[in-house]
Amino acid sequence: MNARSVPAPTITRGPSRQRSKNRAEATNSADIMTFALLAARTADDRKGEGVVILDVSQTLTVTDLFVIASASNTRLVATIARDIEDAVKEAGGPSPVSVEGLDEANWVLMDYAGFIVHIFLDETRRYYDLERLFADSAKVDWQA
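Described below are features of the structure shown in this document. Residue numbering note: each chain is counted from 1, following its sequence as written. Side-chain atom pairs in this predicted model are given and counted only at pLDDT of 80 or more, local residue features only at pLDDT of at least 70, and totals for whole chains, interfaces and linings cover all residues. Note that the side-chain values use all heavy atoms of the structure and ignore hydrogens as well as water.

1. Side note on helix α2 (residues 74–90)
- Note on conventions: DSSP H or I runs of at least 4 residues are helices, E runs of at least 2 residues are strands, and numbering of each starts at the N terminus. One fewer than the residue count of a helix, multiplied by 1.5 Å, yields its expected span. With 17 residues, α2 extends 24 Å from end C-alpha to end C-alpha; this agrees with the ideal 24 Å at 1.5 Å per step.
- The rule is simple: take the accessible area with a 1.4 Å probe, protein chains only, and divide by the maximum for that residue type; under 20% is buried, over 50% is exposed, in between is partly exposed. Buried within α2 we find Leu76, Val77, Ala78, Ile80, Ala81, Ile84, Ala87 and Val88.
- Residue contacts are defined here by distance: any two heavy atoms, one from each residue, within 4.5 Å place the two residues in contact. In this fold, the buried residues of α2 make contact with α1 (29–45), β2 (65–71), β4 (107–111) and β5 (115–121).
- Here a polar contact means two N or O atoms within 3.5 Å. Within protein one must be a hydrogen donor candidate and the other an acceptor candidate, and residues neighboring in sequence count only if both atoms are side-chain atoms. Where α2 begins, the side chain of Asn73 points an oxygen toward the backbone nitrogen of Arg75, at a separation of 3.2 Å.
- Backbone geometry just after α2 places Gly92 at a positive phi near 90°.

2. Quick look at the pairing of β4
- In terms of residue burial, β4 counts as a mostly covered element, since five of its five residues are buried.
- Here β4 shows a buried face lined by Trp107, Leu109 and Asp111 and a second buried face lined by Val108 and Met110.
- In this structure, strand β3 (residues 98–100) lies alongside β4, joined through three bridges in antiparallel fashion. Considered in β4, the bridge of Ser98 is made with Asp111.
- Should DSSP find at least two bridges between two strands, the strands are regarded as paired. Here β3 hands over to β4 after six residues, with Gly101 in that stretch at a positive phi of 85°.

3. Remarks on the packing of α1 against α2
- Relative to each other, α1 and α2 sit at 140°, their axes nearing to 9 Å. One finds that α1 runs oblique with respect to α2. Regarding α1 and α2, the two cross each other, and that crossing is right-handed. Residues Phe35, Leu38, Ala39, Thr42 and Ala43 of α1 lie in contact with α2, whose contacting residues are Ile80, Asp83, Ile84, Ala87 and Val88. Angles shown run from 0 to 180 degrees and are taken between the N-to-C directions of axes, each axis being a line fitted to C-alpha atoms and, for helices, limited to the stretch in contact. Here the word oblique covers every angle except those under 35 degrees (roughly parallel), over 145 (roughly antiparallel) and from 65 to 115 (roughly perpendicular). The handedness criterion is simple: a crossing whose near helix is rotated anticlockwise from the far helix by less than a right angle is left-handed, and one whose near helix is rotated clockwise is right-handed.

4. What to know about the sheet that holds strand β1 (residues 49–55)
- Spatially, β3-β4-β5-β2-β1-β6 is the arrangement adopted by the six strands of the open sheet, whose pairing is mixed. Where the open sheet ends on each side, the last strands, each with one partner, are β3 and β6 (138–140). Strand-to-strand twist across the sheet, computed as the mean angle between neighbouring axes with direction ignored, equals 20°.
- Strand direction decides the pairing type here: β2 and β5, joined by seven bridges, are parallel. Across the sheet, Ala69 pairs through a bridge with Ile119, a residue of β5.
- Running over the sheet, α1 touches β1, β2, β5 and β6 and is turned about 5° from β2.
- Its contacts with the sheet put α2 on β2, β4 and β5, and the angle it makes with β5 is roughly 160°.

5. Brief notes about the packing of aromatic side chains
- Working definition: a ring pair exists when centres of Phe, Tyr or Trp rings (six-membered ring for Trp) sit within 6.5 Å. Plane angles under 30 degrees give stacked, over 60 give edge-to-face, the rest tilted. Under the counting rule described, the total for this entry stands at five aromatic pairs.
- Between the aromatic rings of Trp107 and Phe120, the centroid separation amounts to 4.6 Å while the plane-to-plane angle is 35°, which identifies the pairing as tilted. Placement of the pair is Trp107 in strand β4 and Phe120 in strand β5, with a sequence separation of 13 residues. The burial state of Trp107 is the same as that of Phe120; both residues are buried.

6. Quick notes on α1
- In this model α1 runs 24 Å from its N-terminal to its C-terminal C-alpha over 17 residues, within 8% of the 24 Å that 1.5 Å per residue would give.
- If you check which residues of α1 are buried, you get Ile32, Phe35, Ala36, Leu37, Ala39, Ala40, Thr42 and Ala43.
- With its phi angle positive at about 75°, Lys47 sits one or two positions after the end of α1.

7. Considering unusual backbone geometry
- A positive phi is found at Ala113, a non-glycine position, where the angle reads about 75°.
- Within the element layout of this structure, Ala113 appears in the loop between β4 and β5.
- A positive phi is found at Asp129, a non-glycine position, where the angle reads about 45°.
- Note that Asp129 resides in the loop between α3 (122–128) and α4 (130–133).
- Take Asp129: its relative accessible area is 25%, and that puts it in the partly exposed class.

Spelled out as structure tokens, the structure:
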């Protein structure tokens, strides 16, 4: 499937999705960073490519961090997404508020409120190029 024909996933927002006290359970920045780092490491362990964490807190009001990874096929995209969800839950973290795109697995978006995980098919990642769109955002060194 051509990346140009792949629609961007929509982010489902429930009532009272404000940055303040209405976030998911992992509300403090240490928890958010801990679970985002876990998501990045899990994606890398499962053969995710080009894993990055961007601090988008100065740009967006709906989340603090983006975890971005890609994979060479849709089966691997879906597997990485499921493994991230399992790893975060096993570590005592929250479930995603919403997961979009799992059926097609060209772009899976996992909204954890404080951070959002994007897992792309390689060509879809190149097309949407979130790193370019958020080029002013700081990269987090998740491998340290």
